[in-house]
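# Summary of the model geometry
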Amino acid sequence: MMRRTLVAIVSTAWFCVASTYEAKADQCDAVAGELAARVPGVNIGRRSSVAVFALHPAVKYSSIGCLNAKSVNFFADVENKYPSASFFDYFGRAAAIALGGAAEDFREGAVRCLKRALVKSGDDIDLQYSGLSFQCSADSLSSSVVVQRDK
C-alpha cells in the first residue's frame, strides 16, 4: 500500500515537470516558427531545453530564451565591434516577434545600449528603455545584446 502511494506521488510529480517542460518548449517553438515565417533570411537552428537558436546573415548567432512563461528573452551577437544597420534592423524585428511590441523600440534600445557599451568597452551595460531591460557588451571583436520585458 505504501509503495503504491509512493509510486503515485512520484508519477504525479514527474507528470507536472514534464508538462511544464512541454509548455516551455511549445511556447519557444511557436515563437521560433513565427520568427522564421515573418523575417526573411531566418532559419531555425538547434534547440536546447531553454532556448531556440535562430540563424540570420546579419548576426553571428541569436536565440529566443524561454526559461518560463514569464521570462522570455531575445539575444543576438555579431562579430563586429560596430554592428551594421542590418544587425539593428534584424534585432528590432526579431525581438518584437519574440517579446511582442514595436520593432522600433527594440531597435532603438539596442542602439542606445551598444553606444554605451562601446564607451565602456569590455563592461556589461544595463539599460531600461520603453519598458524593456537591455544588457549589452562590446569589445574589439564582437558586440552582443539581450532584451527582456521589465518585471
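Residues numbered from 1 in each chain as written. Predicted model: local features only at pLDDT ≥ 70, side-chain atom pairs only at ≥ 80, totals over all residues. Heavy atoms only, no water.

## So, unusual backbone geometry
Look at Ser 130: it is not a glycine, yet its phi comes out positive at around 55 degrees. Mapped onto the secondary structure, Ser 130 falls in the loop between β5 (125–129) and β6 (132–138). (Helix = DSSP H or I, 4+ residues; strand = E, 2+ residues; numbered from the N terminus.)

## Considerations on the pattern of salt bridges
Inspection of every chain in the model, using the stated rule, returns 5 salt bridges. Between Arg 38 and Glu 34 there is a salt bridge whose closest N-O contact spans 2.5 Å. Of this pair, Arg 38 and Glu 34 are both found in helix α1 (residues 2–38), 4 residues apart, which corresponds to roughly one turn of the helix. Its salt-bridge partner being Arg 107, residue Asp 89 comes within 2.6 Å of it at the nearest N-O pair. (Salt bridge = Lys/Arg side-chain N within 4 Å of Asp/Glu carboxyl O.)

## Looking at the sheet that holds β5
Sheets are built from strands that pair by backbone hydrogen bonding, the pairs being arranged parallel or antiparallel. What the 7 strands build is an open sheet, ordered β1-β2-β3-β4-β7-β6-β5; its pairing is antiparallel. Sheet topology places β1 (43–47) and β5 at the edges, where each strand pairs with a single neighbour. Direction aside, neighbouring strands of the sheet carry axes that sit 20 degrees apart on average. As defined by bridge partners, strand β2 (residues 51–55) adjoins strand β3 (residues 61–68) across 4 bridges and the pair is classed as antiparallel. Counterpart to Ala 51 in the pairing with β3 is Gly 65. Running over the sheet, helix α2 (residues 85–99) touches β2, β3, β4 (71–78), β6 and β7 (143–149) and is turned about 165 degrees from β4. (Pairing = 2+ DSSP bridges. Axes fitted to C-alpha atoms, helices over the stretch in contact; angles between N-to-C directions. Contact = heavy atoms within 4.5 Å.)

## Some thoughts on α2
Taking 1.5 Å per residue, 15 residues should reach 21 Å; α2 reaches 21 Å between its end C-alpha atoms and fits that length. Counting buried residues in α2 gives 11 out of 15 residues, a clear majority hidden from the surface. For α2, the full list of buried residues reads Phe 87, Phe 88, Tyr 90, Phe 91, Gly 92, Ala 94, Ala 95, Ala 96, Ile 97, Ala 98 and Leu 99. Just downstream of α2, Gly 100 is the residue with a positive phi angle, here 80 degrees. (Expected span 1.5 Å × (residues − 1). Buried < 20%, exposed > 50% of the residue type's maximum accessible area, 1.4 Å probe, protein only.)

## Digging into the state of the cysteines
According to the stated counting rule, one finds 2 disulfides in the structure shown. Shown here is the disulfide that connects Cys 28 with Cys 66, its sulfur atoms set 2.0 Å apart. Between Cys 28 and Cys 66, the disulfide has an S-S torsion of 100 degrees and is therefore right-handed. Highlighted residues: Cys 28 in helix α1 and Cys 66 in strand β3, separated in sequence by 38 residues. (Disulfide = S-S within 2.5 Å.)

## Looking at the nonpolar core
If you look at the biggest cluster of nonpolar residues, it comprises 41 residues, and the most contacted ones within it are Leu 35, Ile 64, Phe 74, Tyr 90, Phe 91, Phe 134 and Val 147. No other element matches α2, which puts 10 residues into this core. In contact with Phe 74, not counting residues within four places along its chain, are Ser 62, Ser 63, Ile 64, Tyr 90, Phe 91, Ala 94, Ala 95, Ala 98, Val 145, Val 146 and Val 147. (Core = buried A, V, L, I, M, F, W, Y, C linked by side-chain atoms within 4.5 Å.)

## Description of the side chain of Ser 143
Inspection of the secondary structure assignment puts Ser 143 in strand β7. A polar side-chain atom of Ser 143 sits 3.1 Å from the main-chain carbonyl oxygen of Asn 80. Ignoring any residue separated from it by four or fewer positions in sequence, one finds Ser 143 in contact with Ala 76, Asp 77, Val 78, Asn 80, Lys 81, Pro 83, Leu 114, Ser 137 and Ala 138. (Polar contact = N/O pair within 3.5 Å; in protein donor to acceptor, adjacent residues only side chain to side chain.)

## What to know about the packing of aromatic side chains
The description of an aromatic ring pair uses the distance of the two centres, along with the angle that the planes make with each other. Scanning all chains against the criterion turns up 5 aromatic pairs. The interplanar angle of 80 degrees and the centroid separation of 5.3 Å between the aromatic rings of Phe 87 and Phe 88 together place this pair among those described as edge-to-face. In this structure an aromatic cluster arises from ring pairing among Phe 74, Phe 87, Phe 88, Tyr 90 and Phe 91. Its guanidinium or amino end placed over the ring of Phe 53, Arg 46 lies 4.3 Å from that ring's centre, counting from NZ or CZ. (Phe/Tyr/Trp six-rings, centres within 6.5 Å; stacked < 30°, edge-to-face > 60°. Lys NZ or Arg CZ within 6 Å of the ring centre and 35° of its normal.)

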